[in-house]
Amino acid sequence: MKPHFFDYTPDQVVKEITAAGFKSYRSKQLYQWVFSRGITQLADMSNLPQPFRTWVQAHYSLELPRILHISTSIDGTRKYLLGLQDNSAIEMVIIPAGDKHTLCISSQVGCARNCQFCATASLGLKRNLHPHEILGQIYLARQQLGDKRLTNLVFMGMGEPLDNYDNLIISIRNLQHEAMFAFSPRRITVSTCGVVPKIYDLAASGLKVKLAVSLNAAVPGKREKLMPVTLSYPLEELKKALLEFRRQTSYRITFEYVMIKNFNMGNDDLKAIRRFAGDISCKINLIPWNEVPHLPYTSPNADDIETFRKKLERLSAAITLRKSRGSDIEAACGQLAGKYQQNKIPSLEE
Ligand code: SAH
């Protein structure tokens, strides 16, 4: 199989192009076609000479994930089921908010972390995504948005991004590269369940990116139950890693806290959150738990949420309540499962 163009940096590509005997400015032209004009068909790249096009064709793949299905929520959120070359399936979600659009992307097919409240966990880990499969989601989303701008990118789809660390780093570098996706670092958020050694690596990498951590419980014993990753990396270890990350980077950390009725919304939970996060400059993002069939949890009602939010607000001013988007099409946080049976895919909606 040909290597994919998105897996390389422009520096690597220009080296290969000149080594093959072409002028270096051809590389720049190629990048302009692909990233400034959004063209991936070599036949359409009119200012490139035929021998160069033939060479590119032979050396790089420019294929994108295939759109297998699109579901549209009543709130405008769109969930895409995407097919990859080996026929595995992932999901991405485009969430509009006024003239802004956030893209939620997957980093793995399935996930190994087995968080007890999450739909992706039931798949287990199938495999890591290659950089081009991560970047392909963003490229596709931009095509889908047309003139509308993709403003924010969150690694909050299927998978644990820090378990696919090397490919994550390549992807983020290319996302931020001026000749490629030219994304501003503060518009990219990596969300983790708390893979401590990789948080240190990310802090030391020098890469600028925002970090979100799925806290979800801070009472000793409770988080272990909900998120088995805590057994490998206890909360005290996580906290040390986050303090180190803060020392190295300028962005505040976001804690995601999925509210589950009668489980993690009590006064003991509030105290534990304060103990854990009180001395880290951070934001806390409250997310009501979204239904996942067959799981033994209950979503909080509006009163539960409001009471919890108010109490938490007394601890810290930086609390936001994230509105659940796309839950009617199972596109909300933790509902992505890439259910994919080849002969059961309904026809494309759009
Ligand atoms: N593995 C990464 C990113 C994927 S999960 C992580 O753990 O952060 C993205 C977010 O969705 C996490 O904050 C997670 O706690 C949340 N989530 C998972 N299942 C959910 C559900 N059923 N309802 C609401 N949020 C959920």
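Here is what the cut-offs are and how they apply
Residues numbered from 1 in each chain as written. Predicted model: local features only at pLDDT ≥ 70, side-chain atom pairs only at ≥ 80, totals over all residues. Heavy atoms only, no water. 1 Å grid on protein atoms, 1.4 Å probe; cavity = no way out; pocket = protein on both sides within 12 Å on 5 of 7 lines; lining within 4 Å. Points joined across faces, edges and corners; volume = space filled by probe spheres on them. Helix = DSSP H or I, 4+ residues; strand = E, 2+ residues; numbered from the N terminus. Nonpolar A, V, L, I, M, F, W, Y, C, P; charged D, E, K, R; others polar. Near = heavy atom within 4 Å. Polar contact = N/O pair within 3.5 Å; in protein donor to acceptor, adjacent residues only side chain to side chain. Areas by Shrake-Rupley, 256 points an atom, 1.4 Å probe, with all protein chains shown as cover. Sits in = over half its atoms within 2 Å of the grid points.

(A) Just the layout of surface pockets, in detail. A volume near 910 Å³ is recorded for the largest pocket. What lines the largest pocket is a set of 36 residues, and nearest its centre among them are Thr102, Val154, Met156, Asn285 and Arg322. Mapped onto the lining of the largest pocket, the elements with two or more residues apiece are β3 (89-97), β4 (100-104), β7 (152-155), β9 (210-214), β11 (282-288) and β12 (319-321). Taken together, the residues of the lining of the largest pocket sort by class into 16 nonpolar, eleven polar and nine charged.

(B) Region of interest: the site of the ligand. Around the ligand, 21 residues are found, and the nearest of them are Glu160, Ser191, Ser214, Asn290 and Gly334. The side chain of Glu160 places a nitrogen or oxygen atom 3.0 Å from a nitrogen atom of the ligand. Ser191 is positioned with one of its side-chain polar atoms (N or O) 2.6 Å from an oxygen atom of the ligand. Look at the ligand: alone it shows 540 Å² of surface, and the protein chains cover 96% of it. The cavity that encloses the ligand is the largest cavity. For the shell around the ligand, the secondary structure elements donating two or more residues are β8 (188-192), β10 (253-259) and β11.

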